[in-house]
Amino acid sequence: MVGQSPLDPSKSRTAVLLEPFVHQVGGHMSMMKYDEHTVCKPLVLQELSFYESLPLAMRQFTPQYKGVISVHLKKDSLGNLTLIASPSLQTESCSRLDNAIGDSSVTIWHKCKWAASTSTGTEHTLVNWNHTQVTKTFKDSCPGKVLLRTDLQYRTDSLLEDANGNQPERKSYNPWGLHCHRQHLNRMSSKHNENKLHQFLLLENVVSKYNYPCILDLKMGTRQHGDDASEEKKARHIKKCEQSTSASLGVRICGMQVYQADTGHFLCKDKYYGRKLSPEGFRQTLHQFLCNGNYLRTDLLEPIILRLKALLSVIRKQSSYRFYSSSLLIIYDGQEQKENMAPLDNHLHFPKTNCSSSHSTNHAGVDVRMIDFAHTTFKGSKCNHTTYDGPDHGYIFGLENLIKILQNISEGK
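What counts and how
- Residues numbered from 1 in each chain as written.
- Predicted model: local features only at pLDDT ≥ 70, side-chain atom pairs only at ≥ 80, totals over all residues.
- Heavy atoms only, no water.
- UniProt positions renumbered as here; feature names shortened; annotations may be inferred.
- Pairing = 2+ DSSP bridges.
- Helix = DSSP H or I, 4+ residues; strand = E, 2+ residues; numbered from the N terminus.
- Contact = heavy atoms within 4.5 Å.
- Axes fitted to C-alpha atoms, helices over the stretch in contact; angles between N-to-C directions.
- Disulfide = S-S within 2.5 Å.
- Buried < 20%, exposed > 50% of the residue type's maximum accessible area, 1.4 Å probe, protein only.
- Parallel < 35°, antiparallel > 145°, perpendicular 65-115°, else oblique.
- Left-handed = near helix turned anticlockwise from the far one by under 90°.
- pLDDT = per-residue confidence, 0-100.
- Phe/Tyr/Trp six-rings, centres within 6.5 Å; stacked < 30°, edge-to-face > 60°.
- Core = buried A, V, L, I, M, F, W, Y, C linked by side-chain atoms within 4.5 Å.

If you look the protein up in an unreviewed UniProt entry, it shows as Kinase from Falco tinnunculus. UniProt's Sequence similarities (unreviewed entry) comment on the protein is quoted here verbatim: "Belongs to the inositol phosphokinase (IPK) family."

In structure tokens form, the structure reads like this:
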């Protein structure tokens, strides 16, 4: 890769206890945190083929590929499940892992505690994350799709003040990643024994530099099924596209988290919300993604649009590529530099869909990245089923509409 050499997992001497990646806002395949700057996900040969032959022009718009690592499932005496990444799973390594898991001073998981309350017909969920040893709370109390199908806000419990009377900052997290991870662990444990080795892709953690990562996950293109999809799966995906903005705009919302400066919460939306949106609802949600609870972050619009235009230029030149079912992430930091923040009356809190505007010139590190290439096909791919001519016009259609909508928001339309 340009600028960085791939991580060599074989040089890692110790096994790594994987954690759920708490900033996963969309998708169904579980993302795991390998280290501060690296995430991993189950290896799909078609996605590996894409990363291994990635065009140079696309590298700035994709996570850095860092290699492949072996992962195995481990169950302790209480039945708790962990995923362990290791370059070689020898007896000595496993013995060290047993000792680590038995040591209460070692952080091996995030225990989650959930509570739900209903207010004006909208369900809110409070999430408290503790760095503690695994307990059965994980298996019994994490929510499924029902809790996640609503317009949710997540926050941590209030914290005690320190000796100076200051309250330490505490981040809150989107539970979608934990939901995906829970499902993935259940699938793995039901289908495979503990000795089964699974291959995972190691990829750059593209949000590691952000304090409060605001993330919009967009499913791009007018077609979502891969060439290898069964007739049943193909029909299901076609129906989802026809009933959502995928057909009308070439893009739909797959997940979102946006930091609300007025409350200290992340506002989260999931793929079920995104599927229901009309084109106008899609536009309003884009507006909401750029609103911090007090005002619209208009300083972000120009750099996002410029980055999307640069990506559009690259995609138009990628003959034979079809990015079926891939996503596009738009990312920025919800924590602004204090000197660039407009003064506000403390008692004023603008509605989320009707924010006033801040015209700061600092765009706080906007990023745009393509992800999820398990169904991407191109000429020369090891897993190629069909060869296509020209660029991916469905993806281009989505990008053009996305740029147009953001330009309209920028112009106050």
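On we go from here.
(A) Up close: the sheet that holds strand β10 (residues 198-204). In spatial order, the strands read β1-β6-β5-β10-β4-β3-β2; together these 7 strands make up an open sheet with antiparallel pairing. The sheet terminates laterally at β1 (16-17) and β2 (19-20), the two strands that pair on one side only. Strand direction decides the pairing type here: strand β3 (residues 32-35) and strand β4 (residues 38-42), joined by 3 bridges, are antiparallel. Each residue of the ladder has a partner; that of Asp-35, found in β4, is Thr-38. With respect to the sheet, helix α5 (residues 176-191) is in contact with β2, β3, β4, β5 (65-75), β6 (81-86) and β10, its orientation differing from that of β6 by roughly 85 degrees.

(B) Up close: the state of the cysteines. One pass over the structure, following the stated rule, counts 0 disulfides. The structure places no disulfide on Cys-180, whose sulfur is separated from the nearest cysteine sulfur, that of Cys-254, by 9.2 Å. We classify Cys-180 as buried; its relative accessible area is 1%.

(C) Region of interest: the packing of helix α10 (residues 301-315) against helix α11 (residues 393-410). Contact pair α10 / α11: the axes reach a minimum separation of 10 Å and the direction vectors enclose 160 degrees. Taken together, the axes of α10 and α11 lie roughly antiparallel to each other. The two elements α10 and α11 meet at a crossing, and its hand is left-handed. Residues Leu-301, Ile-304, Ile-305, Leu-308, Lys-309, Leu-311, Leu-312 and Ile-315 of α10 pack against Tyr-395, Ile-396, Leu-399, Glu-400, Leu-402, Ile-403, Leu-406, Gln-407, Ile-409 and Ser-410 of α11.

(D) Focus on the confidence of the model for the protein. The predicted model of the protein has a mean per-residue pLDDT of 75, with 69% of residues at 70 or higher. The low-confidence segment residues 339-353 (pLDDT under 50) makes 23 contacts with residues lying over four places distant or belonging to another chain. The low-confidence segment residues 359-363, where pLDDT is below 50, has 11 contacts with residues more than four positions distant or belonging to other chains.

(E) Fine view of the pairing of strand β16 (residues 327-333). Of all 7 residues that make up β16, 7 are buried, and the element is covered over most of its length. On β16, burial covers both faces: Ser-327, Leu-329, Ile-331 and Asp-333 on one face and Leu-328, Ile-330 and Tyr-332 on the other are all buried. For strand β11 (residues 213-220) and β16, the ladder comprises 7 bridges, and the chain directions are antiparallel. Residue pairing across strands places Asp-217 opposite Leu-329, the latter belonging to β16. Inspection of the sheet shows β16 paired to strand β18 (residues 367-371) by 5 bridges, in the antiparallel sense. Across the sheet, Ile-331 pairs through a bridge with Asp-367, a residue of β18.

(F) Quick look at the environment of Leu-402. You can see Leu-402 is positioned in helix α11. On the basis of relative accessible area, Leu-402 is assigned to the buried category, the value being 0%. Each C-alpha atom of the pair Leu-402 and Gly-250 lies 8.7 Å from the other, and the pair is 152 residues apart in sequence. Excluding residues that lie within four positions of it along the chain, Leu-402 makes contacts with Leu-218, Phe-282, Leu-286, Leu-308, Leu-328 and Ile-330.

(G) Local environment of the packing of aromatic side chains. Tallying each qualifying case throughout the model produces 15 aromatic pairs. Note on Phe-50 and Tyr-321: the rings are 6.3 Å apart at their centroids and 85 degrees apart in plane angle, and the pair reads as edge-to-face. Pair noted here: Phe-50 is in helix α1 (residues 45-52) and Tyr-321 is in the loop between α10 and β15 (322-323), with a separation of 271 residues, a long-range link. Residue classification places Tyr-321 among the buried positions, given a relative accessible area of 7%.

(H) Structural detail: α1. With 6 of 8 residues buried, α1 is to be regarded as a mostly interior element. Where α1 is concerned, the buried positions are Gln-46, Glu-47, Leu-48, Ser-49, Phe-50 and Tyr-51. Looking at the buried positions of α1, the neighbouring elements they touch are β4, β5, β10, β15 and β19 (376-377).

(I) Summary view of the nonpolar core. Membership of the largest hydrophobic core comes to 67 residues, with the highest contact counts inside it found for Leu-218, Leu-308 and Leu-328. Core analysis: the next-biggest nonpolar cluster, separate from the first, contains 15 residues, Met-32, Val-71, Leu-73 and Leu-202 among them.

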